[in-house]
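Breakdown of the fold
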Amino acid sequence: MNEIKRINLDNNVVKKEALYNNGDIAIGNSLGETITPNTFTFDFYAVILCVNGEISFGINGTNHTMHKNDILICPPDMILSEARHSDDMRCYSIAISPNYFKRILPTIDINWKVRITFETHPILSLNEKEADLFCQYHDLLQKKMSSNLGKHHAEVIDSLMLAFIYEFGDTISRFIDKPERPFSSAEYIFQTFIETLTNMQPKKRNVAFYAEELNITPKYLTAICRSISGHPASKIIDTYVIKDISYMLRYTRKSVKEISNELDFPNISFFGKYVKKHLGVSPKNYRERFVKGIDSGE
């Protein structure tokens, strides 16, 4: 079996091919040397629209060919192989690192059915209007990311990326809203867990609480989460809790102590350790980094 080459946004070839690449987001209009006949996988989310010619490759062992207005939506770790393209091939691509995605919108906020759809049907055929919408966002993102927008540059890019994720997500929802099979019991439990977690304020941080709400054991809930999302229940919970913490530190004037109390942490010391574990810095430093623009990754 061929060795699988892992490609990230810091890869020299990816940087060379991109119109813009800041390590979190890459915008391109050619695949060029990025795709090879070898077996490879991305460690980022890749969305690639074929605007001319054709591209063919194996995806998770199944052969696929893209033509004009076909789009590939590729989550991290999907295995691609034997990539080929015609001489007249042109494409537009947007790549997003998992860390950036989690920062602006937790990965799990993309309905779990979406990932299953992309893994089983990674190539979707868009109509002209849908393909044009993608191209509009691609061009606008490239122009804004390459320009100097002043002190709110990061916020502008974040807002554009969220708009793209939401609007283009609505566009391709027609491929997802019609499941080919009924929910399994495990899928129903997972969906209920996510809905319970999303709607809870403040969010409980222990798996046992949600397991009890669902009348199952913590071990079974964790097994279901791993099977459907690829992550244990504890990591999913932490992702949502950190999203709330990040928002409150960035966009409210509440003190660290007030935020700790509001999110039901036992004390400010425990809160500080939790934030440092998941964000890498103390709550105070995280807030300061954001205010100074360091958090933007520039």
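Note: the structure precedes this text.
Small disclaimer: the values here were computed from a predicted structure and weren't measured. (Residues numbered from 1 in each chain as written. Predicted model: local features only at pLDDT ≥ 70, side-chain atom pairs only at ≥ 80, totals over all residues. Heavy atoms only, no water.)

**Examining the packing of helix α4 (residues 128-146) against helix α5 (residues 153-171)**
Each packed pair of helices is defined by two parameters, the angle between the axes and the distance between the axes. Heads up, the rule is: Axes here refer to lines fitted to C-alpha atoms; in helices the fit is confined to the stretch in contact. Angles between the N-to-C directions go from 0 to 180 degrees. The secondary structure listing takes helices from DSSP runs of H or I that are at least 4 residues long and strands from runs of E that are at least 2 residues long, numbered from the N terminus. When describing relative orientation, an angle under 35 degrees is termed roughly parallel and one over 145 degrees roughly antiparallel, while 65 to 115 degrees is termed roughly perpendicular and anything else oblique. Note on contacts: a residue pair is in contact if any heavy atoms of the two residues lie within 4.5 Å. Throughout this entry, Asp, Glu, Lys and Arg are counted as charged residues, while Ala, Val, Leu, Ile, Met, Phe, Trp, Tyr, Cys and Pro are counted as nonpolar. The remaining residues, Gly among them, count as polar.
Following both chains from N to C, one finds α4 and α5 inclined at 170°, their axes separated by 11 Å at the closest point. One way to sum up the angle between α4 and α5 is to call them roughly antiparallel. Contact with α4, carried on its side by Glu130, Leu133, Phe134, Tyr137, Leu140, Leu141, Lys144 and Met145, involves His153, Ile157, Leu160, Met161, Ala163, Phe164, Glu167, Phe168 and Thr171 of α5 and no other residues of that element. In the contact of α4 with α5, the residues fall into 12 nonpolar, two polar and three charged.

**Let's talk about the nonpolar core**
Spelled out, the test is: To form a nonpolar core, buried Ala, Val, Leu, Ile, Met, Phe, Trp, Tyr and Cys residues must be joined to one another through side-chain atoms within 4.5 Å. Classification of residues uses two cut-offs on accessible area relative to the type maximum, computed with a 1.4 Å probe and protein chains only: under 20% is buried, over 50% is exposed, and between them is partly exposed.
In this structure, Phe193, Leu221, Ile236 and Ile245 are the most contacted members of the largest nonpolar core, which totals 33 residues. Those elements that provide at least two residues to this core are α6 (185-199), α7 (207-213), α8 (218-229), α9 (233-251), α10 (256-262) and α11 (268-279). Of all hydrophobic cores here, the second largest spans 30 residues; its members include Ile27, Ile73, Cys135 and Ile165.

**Structural notes on the packing of aromatic side chains**
To be explicit about the condition: Two rings from Phe, Tyr or Trp (for Trp, the six-membered ring) form a pair when their centres are within 6.5 Å of each other. A pair whose planes differ by under 30 degrees is stacked, one over 60 is edge-to-face, and the rest are tilted. Here, a charge over a ring means that NZ of Lys or CZ of Arg falls within 6 Å of the ring centre while also lying within 35 degrees of the ring normal.
The final tally for this structure, using the stated rule, is 10 aromatic pairs. An angle of 45° between the planes, with centres 6.0 Å apart, marks the rings of Phe265 and Phe270 as tilted. Look at Phe265 and Phe271: their rings are 4.9 Å apart centre to centre, the planes differ by 75°, and that puts the pair in the edge-to-face class. This pair shows no difference in class: Phe265 is buried, exactly as Phe271 is. Feature note: the residues Phe134, Tyr137, Phe164 and Phe168 constitute an aromatic cluster, connected by ring pairs. The ring of Phe209 has Lys204 sitting right over it, with the charged end atom 5.9 Å from the ring centre. Across the ring face of Phe265, the terminal group of Arg205 is positioned such that the distance to the ring centre comes to 3.7 Å.

Nothing here speaks to function; it is all geometry.
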